[in-house]
Amino acid sequence: MKLVCRICGYTVEGDKAPEKCPICRAPGEGFEDYDLKQQPQEEQKPSGPPKEQVCSVCGYTCPGPYAPERCPICKAPPTAFNPVYGSSEQ
Ligand SMILES: [Zn+2]
Ligand SMILES: [Zn+2]
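For clarity, every value in this text was computed on a predicted model and none was experimentally measured. Numbers given to residues run from 1 along each chain, matching the order in which its sequence is written. Here the convention is simple: chains get letters from A, ligands get numbers from 1, in the order in which they are written. The predicted origin of the model limits local features to residues at a pLDDT of at least 70 and limits the giving and counting of side-chain atom pairs to 80 or more, whereas totals for whole chains, interfaces and linings rest on all residues.

### Let's talk about unusual backbone geometry
Basically, it comes down to this: A run of H or I in DSSP becomes a helix once it reaches four residues, and a run of E becomes a strand once it reaches two; helices and strands are each numbered from the N terminus. Here exposure depends only on C-beta density: within 10 Å of a residue's C-beta, 20 or more other C-beta atoms make it buried, 12 or fewer make it exposed, and intermediate numbers make it partly exposed, the C-beta atoms being placed from the backbone.
In this model, Arg 25 sits at a positive phi of 65°, which is unusual for a non-glycine residue. Structurally, the position occupied by Arg 25 is in the loop between strand S2 (11-13) and strand S3 (31-33). A count of 12 C-beta atoms within 10 Å places Arg 25 in the exposed class. Its identity is not glycine, yet Lys 75 carries a phi of approximately 65°, on the positive side. For Lys 75, the position within the fold is in the loop between strand S5 (61-63) and strand S6 (81-84).

### As for the confidence of the model for the protein
The line we're drawing: What pLDDT reports is the predictor's confidence in each residue, on a scale of 0 through 100.
Mean pLDDT over the protein: 88, with 84% of residues reaching 70 or higher. Averaged over each element, pLDDT in the protein is lowest for helix H1 (residues 34-38) (77) and highest for strand S4 (residues 52-55) (96).

### As for the sheet that holds S6
Selection rule: The pairing criterion is simple: DSSP has to find at least two bridges between the two strands. An axis is simply a line fitted to the C-alpha atoms; with a helix, the fit covers only the stretch in contact. Between two such axes, the angle follows the N-to-C directions and lies from 0 to 180 degrees.
Across the sheet, which stays open at both edges, the three strands sit in the order S5-S4-S6 with antiparallel pairing between neighbours. The sheet terminates laterally at S5 and S6, the two strands that pair on one side only. Direction aside, the axes of adjacent strands within the sheet are offset by 25° on average. Sheet topology places S4 next to S5; three bridges connect them, and they run antiparallel. Note on S5: the bridge partner recorded for Val 54 is Thr 61.

Next up, the structure:
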């Protein structure tokens, strides 16, 4: 299988991610299954701005609609953050 770095898009053959991305130095956890990524995902139509941003590398959650300039935990760039939209709970 193929793994792709979620931060810089670097791809590596094999079933194990490298310890660190040779391009952006993201830790191995920052890699994800390339094929999985290519599969169309359920399209969500978020309403309103994101409630928080979650770092895809370390899992740090940043409250607010914008990702920080750098993750305070793992220093990942804002592109590593995934927006979390509030559920229907009011
Ligand atoms: Zn990378
Ligand atoms: Zn992080």
